[in-house]
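Residue-level listing of the chains:
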Amino acid sequence: MPTQEANIVTDIQALDLNKSYTYADYLLWQFKERVELIKGRIFKMSPAPSMGHQEISTNLMGEIYQYLKRKTCKVFHAPFDVRLPLPESQMTDQKVDTVVQPDICVVCDPQKLDSRGCIGAPEWIIEILSKSTSNKDLNEKYDLYQNTGVKEYWIVHPAEGTIMTHTLQEDGRYKRADKIYTHQDIISPTIFPDLEIELKWIFR
């Protein structure tokens, strides 16, 4: 029987990008490229985020961390693996076929956290768009987060200085807020209505 070391992949070119993979496969990949798995398909992530992307992420992370630091919920930023089994009963490494790395996520159920990240849907996910990931964030990830029960999904557009918010309804579908928030606004997540974030400090 081959050892686990024999199955380690150090070059992404050795993978068949048309093949379906699982989290068990993902754990054996040790190449420099960052990837995500969505329903078994490999999606390459963008190169190192731009300075603007990093500043927005840091500013949002700081606001959320300060709010949560004495609460049960915890906030994490990429790279941080979130395993989203479909259906959620498929909890083994060999069956989980979706692993994503949201820019920012908030997890309130400590039982969803282990030494490798989060397994199951976070309460809140924020993705910051880039040219190479915008299509994935607006389509594949939107459907994924909706279908796996992420309660709130924010999409940040750095170039435009805007945030679109989506809240999960009782019918299991997202409802987008009536407005797109800009640097002039104060925004609050529906799951933490007393957390008020002044966007002028996020997009400064």
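In this report, we go over the structure that sits alongside the text. (Residues numbered from 1 in each chain as written. Predicted model: local features only at pLDDT ≥ 70, side-chain atom pairs only at ≥ 80, totals over all residues. Heavy atoms only, no water.)

### Quick look at the overall build of the protein
Here comes step 1: For the protein, the helix and strand inventory stands at 5 helices and 15 strands.
Here comes step 2: Computed over C-alpha atoms, the radius of gyration of the protein comes to 17 Å, within 12% of the 17 Å expected from 2.2 N^0.38 for 204 residues, which places it in the range of a compact globule.
Here comes step 3: Counting across all 204 residues of the protein, residues that qualify as buried make up 47%.
Here comes step 4: Summed over its atoms, the accessible surface of the protein is roughly 11300 Å², and 48% of this surface lies on carbon and sulfur atoms.
Here comes step 5: Averaging the coordinates of the 24 positive side-chain charges in the protein and doing the same for the 29 negative ones gives two points 1 Å apart. (Helix = DSSP H or I, 4+ residues; strand = E, 2+ residues; numbered from the N terminus. Rg over C-alpha atoms; globule rule 2.2 N^0.38 Å. Buried < 20%, exposed > 50% of the residue type's maximum accessible area, 1.4 Å probe, protein only. Areas by Shrake-Rupley, 256 points an atom, 1.4 Å probe, with all protein chains shown as cover. Lys, Arg positive; Asp, Glu negative; His and termini not counted. Charge placed at Lys NZ, Arg CZ, Asp CG, Glu CD.)

### A short note on the side chain of glutamine 146
Here comes step 1: Structurally, glutamine 146 is set in helix H4 (residues 140-148).
Here comes step 2: Of the residues examined, glutamine 146 reaches a relative accessible area of 6% and is grouped as buried.
Here comes step 3: Every residue in contact with glutamine 146, bar those within four places of it in the chain, is listed here: Leu168, Gly172, Arg173 and Tyr174. (Contact = heavy atoms within 4.5 Å.)

### As for unusual backbone geometry
Here comes step 1: Note the cis peptide between alanine 78 and proline 79, where omega equals 0°.
Here comes step 2: Along the chain, proline 79 falls in the loop between strand S3 (74-77) and strand S4 (82-83).

### Re the packing of aromatic side chains
Here comes step 1: Evaluated as defined, the whole model comprises 11 aromatic pairs.
Here comes step 2: With a centroid separation of 4.9 Å and an interplanar angle of 85°, the aromatic rings of tyrosine 145 and tyrosine 153 are classed as edge-to-face. With respect to burial, tyrosine 145 and tyrosine 153 carry one shared label: buried.
Here comes step 3: If you follow lysine 71 out to its NZ or CZ, it ends over the ring of tyrosine 67, 4.2 Å from the centre. (Phe/Tyr/Trp six-rings, centres within 6.5 Å; stacked < 30°, edge-to-face > 60°. Lys NZ or Arg CZ within 6 Å of the ring centre and 35° of its normal.)

### Let's talk about the side chain of glutamate 152
Here comes step 1: If you trace the backbone, glutamate 152 turns up in strand S10 (residues 152-157).
Here comes step 2: In this structure glutamate 152 touches Glu123, Trp124, Ile125, His166, Thr167, Ser188, Pro189, Thr190 and Ile191, once residues within four positions along its chain are discounted.

### Topic: the environment of isoleucine 64
Here comes step 1: With respect to the element layout, isoleucine 64 can be found in helix H2 (residues 51-68).
Here comes step 2: A C-alpha to C-alpha distance of 8.8 Å links isoleucine 64 and valine 106, two positions 42 residues apart in sequence.
Here comes step 3: Those residues in contact with isoleucine 64 that lie beyond four places of it in its chain are Val75, Ile104, Val106, Trp124, Ile126 and Leu195.

### Things to note about H4
Here comes step 1: For H4, the full list of buried residues reads Lys141, Leu144, Tyr145, Gln146 and Thr148.
Here comes step 2: Two residues or fewer after H4 comes glycine 149, characterised by a positive phi angle close to 90°.

### Considerations on the nonpolar core
Here comes step 1: Counting residues in each nonpolar core, the largest one holds 25 residues, and the members touching the most others are Ile64, Val106 and Phe192.
Here comes step 2: When residues in this core are grouped by element, the largest group, 6 residues, is from H2.
Here comes step 3: Residues contacting phenylalanine 192, with those up to four places away along its chain left out, are Tyr67, Leu68, Cys73, Val106, Cys108 and Trp124.
Here comes step 4: Phe43, Cys105, Ile125 and Leu129 belong to the second largest nonpolar core, which has 20 residues in total. (Core = buried A, V, L, I, M, F, W, Y, C linked by side-chain atoms within 4.5 Å.)

### What to know about H2
Here comes step 1: Between its first and last C-alpha, H2 extends 25 Å over 18 residues, near the 26 Å set by a 1.5 Å rise per residue.
Here comes step 2: Inspection of H2 places His53, Ile56, Ser57, Asn59, Leu60, Met61, Ile64, Tyr67 and Leu68 among the buried residues, and these make up the whole buried set.
Here comes step 3: Tucked inside the fold, the buried residues of H2 contact S3, strand S6 (104-107), strand S9 (124-128), S10, strand S15 (197-198) and helix H5 (199-202). (Expected span 1.5 Å × (residues − 1).)

### Re the pattern of salt bridges
Here comes step 1: In total, this model carries 8 salt bridges according to the counting rule given.
Here comes step 2: Among the ionic pairs, arginine 83 bridges to aspartate 114, the shortest N-O distance being 2.6 Å. Residue arginine 83 is located in strand S4, and its partner aspartate 114 is located in strand S7 (residues 113-114); the two are separated by 31 residues in the primary sequence.
Here comes step 3: Lysine 141 serves as the salt-bridge partner of glutamate 127, at 2.8 Å between the closest nitrogen and oxygen. One end of the pair, glutamate 127, is in strand S9; the other, lysine 141, is in helix H4, with 14 residues separating them in the sequence. Neither residue differs from the other here; glutamate 127 and lysine 141 are each classed as buried. (Salt bridge = Lys/Arg side-chain N within 4 Å of Asp/Glu carboxyl O.)

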